[in-house]
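What follows is each chain in one-letter form.
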Amino acid sequence: MTGTIEGKQLACLSLLEGASQPELDAVAARMWCRNALPGDVLAREGEPGETFGLVLEGTVSVSRGSPASERILDVVGPGSILGELAVLRGLPRTATLTAVDPVVLAVGDREALELLLHIPPVYERVRRLASARLARDLRPVAAFLKDGTAVLLRPLLPIDRHAFGEEVHRLSEGSLRRRFFSPQPPSEKMIDYLIDIDYVDHFAWLAVDAVDHHKGLATARFVRLADRSSAEVAFGTSEGYHRRGLGTLLLGALGVAAAEGGIETLVGHVLEENAPMRAVFAKANPKSFFDEPGVLRVTVPSRSAAEILSPDLRSELAAAVHDIVTAASLALSDPTDAGSARSSG
């Protein structure tokens, strides 16, 4: 069952908070209403992604795989946006959407989505959602430490929040000081910030055990600075995994992700006493000076950091993060340039 959509129906959605009524009316004029009963398939994995939906009422299951091997990825409710990645990228749908209970959707095409992306606060929210969904779908990249230990690299995800917080609170005072420049663990709000990343301006890798994928070994992140061409980096390694090559691996992986995202320079702050981390940076053509007593500011070119890894691993990491830091950011690069978004999707 279909019908028309009015701007006032969209006004209550948190995703669209900050949009003016005329903007909502313009978007609504490009959308239509779809009603579904429990069990109705709203979109199927592998189909052309020509439309997206905003959930007005009810809940929708997001799954992947055949009926015999179906895997539920999420269950979402009112205010959620669905199918935007397929529309943005011009690719087939990567998941099946099924109504859990009676559902009302506002459905739109690419032009409706582009109108949404012209609304700055909506654009920022959709960009973060799109990047996070791409990161969730990334296949981890296998690598080896210098002692032969097998690890997997993948982006840090919101679902890692609990494990990340627990690991931080297990760190020794020495590890906390090297990582956070304080013997005290960060606050819960700081942990929330460290896990709340958009993969374009704030990117984080997680290294996990190749056998036990729930065992996190280390993290490394960059946060883009105001000049847009440089980013500050930070590293954290679990107790028992220092001096085994994780720092080198993660600096190289950050270099790859940063270069894919148009970041030219990585900036690190290292305690003078932290000889192992200084040795890691020394592999990537660094420049350094004392930013304050006892603290070195180290800068390395992103591509030099990437080149400390083998060409094969570098290539695999670049391919893995391309959609996150390049395709997504290009498709959503400028809410005032719909033509560019269309041509890069």
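Please read these numbers as outputs of a predicted model, since none were measured by experiment. (Residues numbered from 1 in each chain as written. Predicted model: local features only at pLDDT ≥ 70, side-chain atom pairs only at ≥ 80, totals over all residues. Heavy atoms only, no water.)

Asker: Sorry, what's going on with the sheet that holds strand E12 (residues 202-209) here?
Answerer: The pairing of strands in a sheet happens through backbone hydrogen bonds and is either parallel or antiparallel. Reading across the sheet, the eight strands line up as E10-E11-E12-E13-E14-E15-E17-E16 and stay open at both edges, with mixed pairing between neighbours. Whereas interior strands pair on both sides, the edge strands pair on one side only; in this sheet they are strand E10 (141-144) and strand E16 (287-292). Between one strand axis and the next, the sheet turns by 30 degrees as a mean value, whatever way the strands run. The sheet contact formed by E16 and strand E17 (residues 295-301) spans five bridges and is antiparallel. When the sheet's bridge partners are listed, lysine 287 is paired in E17 with threonine 299. (Pairing = 2+ DSSP bridges. Helix = DSSP H or I, 4+ residues; strand = E, 2+ residues; numbered from the N terminus. Axes fitted to C-alpha atoms, helices over the stretch in contact; angles between N-to-C directions.)

Asker: What exactly am I supposed to notice about the pattern of salt bridges here?
Answerer: Where side chains of opposite charge bring their charged atoms close, a pairing between them can arise. Tallied over the entire structure, the rule returns seven salt bridges. Glutamate 6 is the salt-bridge partner of lysine 8, the closest N and O atoms lying 3.5 Å from each other. Residue lysine 8 is classed as exposed on the basis of its relative accessible area of 61%. We classify glutamate 6 as partly exposed; its relative accessible area is 41%. A salt bridge links arginine 244 to aspartate 147, with the shortest nitrogen-to-oxygen separation between them at 2.9 Å. With arginine 244 in the loop between strand E14 (230-237) and helix H9 (246-260) and aspartate 147 in the loop between E10 and strand E11 (150-155), the pair connects residues that are 97 residues apart, well separated along the chain. Since its relative accessible area comes to 21%, arginine 244 is described here as partly exposed. (Salt bridge = Lys/Arg side-chain N within 4 Å of Asp/Glu carboxyl O. Buried < 20%, exposed > 50% of the residue type's maximum accessible area, 1.4 Å probe, protein only.)

Asker: Would you take a moment to explain the environment of lysine 283 for this structure?
Answerer: For lysine 283, the location among the structural elements is in the loop between helix H10 (275-281) and E16. C-alpha separation for the pair lysine 283 and isoleucine 308, spaced 25 residues apart in sequence, amounts to 6.8 Å. A distance of 2.8 Å separates polar atoms of two side chains, one belonging to lysine 283 and the other to threonine 248. (Polar contact = N/O pair within 3.5 Å; in protein donor to acceptor, adjacent residues only side chain to side chain.)

Asker: Explanation requested: the packing of aromatic side chains in the structure shown.
Answerer: Scanning all chains against the criterion turns up three aromatic pairs. Ring geometry for phenylalanine 203 and tryptophan 205: centres 5.2 Å apart, planes at 70 degrees, overall edge-to-face. Look at phenylalanine 203 and phenylalanine 222: their rings are 5.8 Å apart centre to centre, the planes differ by 20 degrees, and that puts the pair in the stacked class. Of this pair, phenylalanine 203 sits in strand E12 while phenylalanine 222 sits in strand E13 (residues 216-224), placing them 19 residues apart in sequence. (Phe/Tyr/Trp six-rings, centres within 6.5 Å; stacked < 30°, edge-to-face > 60°.)

Asker: What am I meant to see in the environment of leucine 82 here?
Answerer: Inspection of the secondary structure puts leucine 82 in strand E7 (residues 81-82). Owing to a relative accessible area of 6%, leucine 82 belongs among the buried residues under this scheme. For the pair leucine 82 and valine 60, spaced 22 residues apart in sequence, the C-alpha to C-alpha distance is 9.3 Å. Excluding its chain neighbours within four sequence positions, the residues that come into contact with leucine 82 are Phe52, Gly53, Val55, Val60, Val62, Val76, Leu97 and Arg133. (Contact = heavy atoms within 4.5 Å.)

Asker: Could you clarify how one ought to interpret the pairing of strand E15 (residues 265-271) in this entry?
Answerer: In regular strands, side chains alternate between the two faces of the sheet. By the criterion of burial, E15 is predominantly enclosed, with five of the seven residues buried. Pairing analysis gives three bridges linking E14 to E15, with the strands arranged parallel. What sits directly across from alanine 231, in E15, is leucine 266. Once you follow E14 into H9 and on to E15, the crossover reads as right-handed. As paired elements, E15 and E17 share seven bridges and run antiparallel to each other. Counted as the bridge partner of threonine 265 is proline 301 from E17. (Right-handed = clockwise from strand over helix to strand, strands pointing away.)

Asker: Whenever I open this one, the environment of glutamate 50 confuses me. Can you help?
Answerer: For glutamate 50, the location among the structural elements is in the loop between strand E3 (41-43) and strand E4 (52-57). By relative accessible area, which is 58% here, glutamate 50 ends up exposed. Residues glutamate 50 and glycine 108 lie 58 residues apart in sequence; the distance between their C-alpha atoms is 8.7 Å.

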